[in-house]
Amino acid sequence: MSSRTLRALALAAAALISATALSACGDDAEAGGEATALRLGYFPNITHAPALIGVKNGLYQQALGSTKLEPKTFNAGPAAIEALFSGAIDATYIGPNPAINGWATSKGTALKIIAGSTSGGAGLVVKEGINTPADLKGKKIATPQLGNTQDVALRAWLKQNGLNADQQGGGDVSVLPQENATAVQAFAQGAIDGAWVPEPNLSRMVLESKGKILVNEKDLWPNGQFVTTHLIVKQDFLKKHPDTVKKLLQGHITAEKFIAGDATAAQKAANEQLAALSGKPLKDDILAAAFKNLTFTNDPVASSLYTSAQHAQDVGLLKPVDLKGIYDLGPLNELLKADGQPTVTDAAA
């Protein structure tokens, strides 16, 4: 993560720690009661399909009842974490590495991971002629943002293959963090040689620009499972409004069940919400390819989070951090058990 972002997170974390000493929070209801509003972050990506569908179909609002849902969108994890720190949002769907960074920067006071959401759906797409890691020497490869989940995955993979990439775009491989939409356009124009991106950008680069997948990230993980997106909540909000958070989780579980029960309807709803946010829906072939490459699950795949933290340390983007306590899966497991579904774990293996 860049020094600028780290400074911003550190300042926000200091403000957060000070704020937790205060008793009340704006116009929220009394501690222990229902919040008047819940500000939920998510990204306009298919990897956030449960959120797209939950917002589009009113599943969260139905579960929240009198608490008003206020959805907010972000393009990358560090920005969402800064919003959580500043008090602009109460909960957000996000990737593992920004959540780890937020936990570390706030010394374990900022957030809790309360549910899994999505596994898979990321990888390295390159142009023709690049067939091995060695072929990447001297090439330009994009990631969504310095320190985000895909950025860490790329840098760790490069290091494991004997290649280096510094945070300024130098080294054997020039890693150029940029927004996904920019990377898709740059790849189509030949301005970059590839990108490690999440869906649907991965499928767009393959189907629209004739890129090829050099690395499907699921091939790097046990059983092909790794956390791409999970749901986190601000600790202070969780402590003050546990019932509201539990209702948010009920909406989340309902969205996951909707996807599992009717893939066609789920794709349609997610695409309609993407169109509402971006002004343009995904093409049917890209939508289908992206969904095929994803697994939607309540399981946070906790073991992969711990490994991602080690990867971030290995590439110099994270100092050693104790992640004990980062999960609070009790409310989720209570709801899953009541619904007759398997419970999930925060175990490392």
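Everything that follows concerns the structure shown earlier in this document.
Along each chain, residues carry numbers from 1 onward, in the same order as the chain's sequence is written. With the structure being a predicted model, the display of local features is reserved for residues of pLDDT at least 70 and the display and counting of side-chain atom pairs for 80 or more, all residues being used for whole-chain, interface and lining totals. Heavy atoms from the whole structure form the basis of all side-chain values; hydrogens and water molecules are not counted.

**Things to note about the overall build of the protein chain**
Phase 1: Labels follow the DSSP assignment, with helices taken as runs of H or I lasting at least four residues and strands as runs of E lasting at least two, numbered in each case from the N terminus. Helices and strands together make up the secondary structure of the protein chain, namely 14 helices and eleven strands.
Phase 2: Computation of the radius of gyration draws on C-alpha atoms, with the globule rule given as 2.2 Å multiplied by the number of residues to the power 0.38. The C-alpha radius of gyration computed for the protein chain amounts to 19 Å, which stays within 12% of the reference 20 Å derived for 349 residues, consistent with globular compactness.
Phase 3: Counting only C-alpha atoms and orienting by the principal axes, one finds that the protein chain spans roughly 60 × 45 × 35 Å.
Phase 4: For the protein chain, buried positions account for 53% of its 349 residues.
Phase 5: In this description, contact between two residues means that some pair of their heavy atoms is separated by no more than 4.5 Å. In the protein chain, once contacts between residues fewer than 6 apart in sequence are set aside, the share between residues at least 24 apart is 78%.
Phase 6: Accessible areas in this description were obtained via Shrake-Rupley with a 1.4 Å probe; residue shielding takes into account the shown protein chains only. As displayed, the protein chain offers around 14,300 Å² of accessible surface, 50% of which is attributable to carbon and sulfur atoms.
Phase 7: Treating the 31 positive side-chain charges of the protein chain as one cloud and the 32 negative ones as another, the clouds have centres 4 Å apart. Buried residues are those whose accessible area, probed at 1.4 Å on protein chains only, stays under 20% of the maximum for their type, while exposed residues exceed 50% and partly exposed ones sit between those limits. For the charge count, each Lys or Arg is scored as positive and each Asp or Glu as negative, with His and the chain ends excluded. Every charge is mapped to an atom, namely NZ of Lys, CZ of Arg, CG of Asp or CD of Glu.

**Some details on the pairing of strand 5 (residues 122-126)**
Phase 1: In terms of residue burial, strand 5 counts as a mostly covered element, since five of its five residues are buried.
Phase 2: Burial along strand 5 is two-sided: Ala122, Leu124 and Val126 facing one way and Gly123 and Val125 facing the other are all buried.
Phase 3: Between any two strands, pairing holds if DSSP finds at least two bridges. In terms of strand pairing, strand 5 meets strand 9 (residues 212-216) through four bridges, oriented antiparallel. Within strand 9, the position partnered with Val125 by the bridge is Ile213.

**Some points on unusual backbone geometry**
Phase 1: In this structure, the amide linkage connecting Glu199 to the following residue, Pro200, adopts the cis form with an omega of 5°.
Phase 2: On the secondary structure map, Pro200 appears in the loop between strand 8 (194-198) and helix 8 (201-209).
Phase 3: Of note in this structure, Asn223 is not a glycine but carries a positive phi near 60°.
Phase 4: Inspection of the secondary structure puts Asn223 in the loop between strand 9 and strand 10 (227-234).
Phase 5: Given a relative accessible area of 77%, Asn223 falls into the exposed group.
Phase 6: One non-glycine residue with positive phi stands out, namely Val301, at about 45°.
Phase 7: Positionally, Val301 belongs in the loop between strand 11 (294-296) and helix 13 (302-314).

**Section: the sheet that holds strand 10**
Phase 1: The strand order across the open sheet built from six strands is 2-1-3-10-4-11, with neighbouring strands paired in mixed fashion. Edge positions in the sheet fall to strand 2 (68-73) and strand 11, since each of these pairs with one other strand and no more. Between one strand axis and the next, the sheet turns by 25° as a mean value, whatever way the strands run.
Phase 2: The pairing of strand 1 (residues 37-42) with strand 3 (residues 91-94) spans two bridges and is parallel. Across the sheet, Gly41 pairs through a bridge with Thr92, a residue of strand 3.
Phase 3: Only the stretch in contact is used when fitting a helix axis, every axis being a line fitted to C-alpha atoms; angles between N-to-C directions are given from 0 to 180 degrees. Contacts from helix 5 (residues 96-105) reach strand 3, strand 4 (111-120) and strand 10 within the one sheet, and its direction differs from that of strand 10 by about 35°.

**Overview of the environment of Gly33**
Phase 1: Summarising the element assignment, Gly33 is placed in the loop between helix 1 (3-19) and strand 1.
Phase 2: On the basis of relative accessible area, Gly33 is assigned to the partly exposed category, the value being 24%.
Phase 3: Along the primary structure Gly33 and Asp243 are separated by 210 residues, whereas in three dimensions their C-alpha atoms are 7.2 Å apart.
Phase 4: What Gly33 contacts, discounting residues up to four positions off in sequence, is Lys240, His241 and Thr244.

**As for the sheet that holds strand 5**
Phase 1: Overall, mixed pairing links the five strands, which are arranged 7-6-8-5-9 in an open sheet. A strand with exactly one partner marks an edge of an open sheet, and here the two such strands are strand 7 (174-177) and strand 9. Strand after strand, the sheet turns through a mean of 25° between neighbouring axes, direction not considered.
Phase 2: When strand 6 (residues 140-143) meets strand 7, the two strands line up parallel, connected through four bridges.

**Concerning the pattern of salt bridges**
Phase 1: A carboxyl oxygen of Asp or Glu within 4 Å of a side-chain nitrogen of Lys or Arg is what we treat as a salt bridge. In this structure the tally under the stated criterion is ten salt bridges.
Phase 2: Residue Asp193 is joined to Lys127 by a salt bridge in which the shortest nitrogen-to-oxygen separation is 2.7 Å. Remark: Lys127 occurs in the loop between strand 5 and strand 6 and Asp193 occurs in the loop between helix 7 (180-189) and strand 8; sequence separation between them is 66 residues.
Phase 3: Judged by relative accessible area, which is 9%, Asp193 ranks as buried.
Phase 4: Judged by relative accessible area, Lys127 falls into the partly exposed class, the value being 35%.
Phase 5: Here Lys240 makes a salt bridge to Asp236, at a shortest N to O gap of 3.2 Å. Here Lys240 and its partner Asp236 are both found in helix 9 (residues 235-240), four residues apart, which amounts to about one turn of the helix.
Phase 6: Taking relative accessible area as the criterion, Lys240 reaches 8% and is therefore assigned buried.

**Comments concerning the nonpolar core**
Note on soluble globular proteins: their nonpolar side chains tend to be buried together.
Phase 1: One finds Leu40, Ile46 and Phe291 to be the most contacted residues of the largest nonpolar core, which totals 71 residues.
Phase 2: The element best represented in this core is helix 10 (residues 242-261), accounting for six residues.
Phase 3: Once residues lying within four places of it in the same chain are set aside, the contact partners of Ile46 are Leu52, Glu199, Pro200, Ala270, Leu274, Leu282, Leu287, Ala290, Phe291, Leu294 and Phe296. Take the buried residues of types Ala, Val, Leu, Ile, Met, Phe, Trp, Tyr and Cys, join any two whose side-chain atoms come within 4.5 Å, and each joined set is a nonpolar core.

**A few points about the packing of aromatic side chains**
Phase 1: Each Phe, Tyr or Trp ring, with Trp reduced to its six-membered ring, pairs with another whose centre is within 6.5 Å; inter-plane angles below 30 degrees give stacked pairs, above 60 give edge-to-face pairs, and intermediate values give tilted ones. Under the counting rule described, the total for this entry stands at five aromatic pairs.
Phase 2: Taking the centre distance of 5.7 Å and the plane angle of 15° together, the rings of Trp221 and Phe226 count as stacked.

**Overview of the side chain of Gln273**
Phase 1: Here Gln273 lies in helix 11 (residues 263-278).
Phase 2: Its relative accessible area of 9% is what places Gln273 among the buried residues.
Phase 3: The definition of a polar contact used here is a pair of N or O atoms within 3.5 Å, where within protein one atom must be able to donate a hydrogen and the other to accept one, and adjacent residues in sequence count solely through side-chain atom pairs. Among the polar contacts listed, one links the side chain of Gln273 to the side chain of Tyr42, at a separation of 3.0 Å.
Phase 4: With residues near it in sequence (within four places) discarded, Gln273 still touches Tyr42, Leu52, Val55 and Lys56.

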